[in-house]
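# What the coordinates show
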Amino acid sequence: MSMAVVGMVAGMALGFAGYFGGFGAFLLVAALGAVGFVAGRFLDGDWEPGDFFRSRERDDRRR
């Protein structure tokens, strides 16, 4: 499935949630969609758990 179709389906789900359930349902569906997206990226192997917890090394540290 192309990313355009996935985006359209997600937009329609958010639209239905907002129309029938109000703004709270819209936020709930959006948050659960984001959690599902992150979980899917982990399961596909695109992301590693350490990607979120590693500190960034900067060469130009302020003294």
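Positions within a chain are numbered from 1, following the residues in the order the chain's sequence is written. Under the rules for a predicted model, residues below a pLDDT of 70 receive no local features and side-chain atom pairs below 80 are neither given nor counted, while totals for whole chains, interfaces and linings still include all residues. In computing side-chain values, all of the structure's heavy atoms are included and hydrogens and water are not.

Let's shift gears to the overall build of the protein. Each helix is a run of DSSP H or I of at least 4 residues and each strand a run of E of at least 2, with the numbering of both proceeding from the N terminus. Secondary structure summary: the protein contains one helix and zero strands in total. Burial classes follow relative accessibility: with a 1.4 Å probe on protein chains only, a residue under 20% of its type's maximum area counts as buried, one over 50% as exposed, and anything between as partly exposed. Within the protein, buried positions represent 2% of all 63 residues.

Looking now at helix α1 (residues 3-44). Multiplying one less than the number of residues by 1.5 Å gives the expected span of a helix. Compared with the 62 Å implied by 1.5 Å per residue over 42 residues, the 15 Å span of α1 between its first and last C-alpha is markedly short. Across the chain, bend at a residue is computed as the angle between axes fitted to the seven residues ending at that point and the seven starting from it. Of all the bends found along α1, the most pronounced is centred on G21 and spans about 145 degrees. Positive backbone phi, at 90 degrees, marks G45, one or two positions downstream of α1.

Turning our eyes to something else, we now look at the environment of G18. Tracing the sequence through the fold places G18 in helix α1. It is 8.9 Å that separates the C-alpha atoms of G18 and V29, two residues lying 11 residues apart in sequence.

Let us look at the packing of aromatic side chains. To pair, rings of Phe, Tyr and Trp, with the six-membered ring standing in for Trp, must have centres within 6.5 Å; the planes then decide the type, stacked if under 30 degrees apart, edge-to-face if over 60, and tilted in the middle. One pass over the full model with this rule turns up three aromatic pairs. The interplanar angle of 10 degrees and the centroid separation of 6.1 Å between the aromatic rings of F16 and F20 together place this pair among those described as stacked. Here F16 pairs with F20, and both are found in helix α1, just four residues apart, close to one helical turn. Summarising the aromatic geometry, the rings of F23 and F26 are spaced 6.0 Å apart at their centres and angled 20 degrees between planes, so their arrangement reads as stacked. Taken together, the residues span about one helical turn, with F23 and F26 both in helix α1 at a distance of three residues. Ring pairs connect the aromatic residues F16, Y19 and F20, which therefore count as one cluster.

Within the patch definition used here, like charges are joined within 9 Å and nonpolar side chains (Val, Leu, Ile, Met, Phe, Trp, Tyr) within 5 Å, considering only residues with over 30% relative accessible area and no salt bridge. Per-residue accessibility takes into account occlusion by the displayed protein chains alone, with areas from the Shrake-Rupley method and a 1.4 Å probe. In what follows, salt bridge is the name for a side-chain nitrogen of Lys or Arg lying within 4 Å of a carboxyl oxygen of Asp or Glu. Taken together, the side chains of M1, M3, V5, V6, M8, V9, M12, F16, Y19 and F20 make up a nonpolar region of the molecular surface, amounting to roughly 1200 Å² of accessible area. The residue M8 is located in helix α1 in this model.

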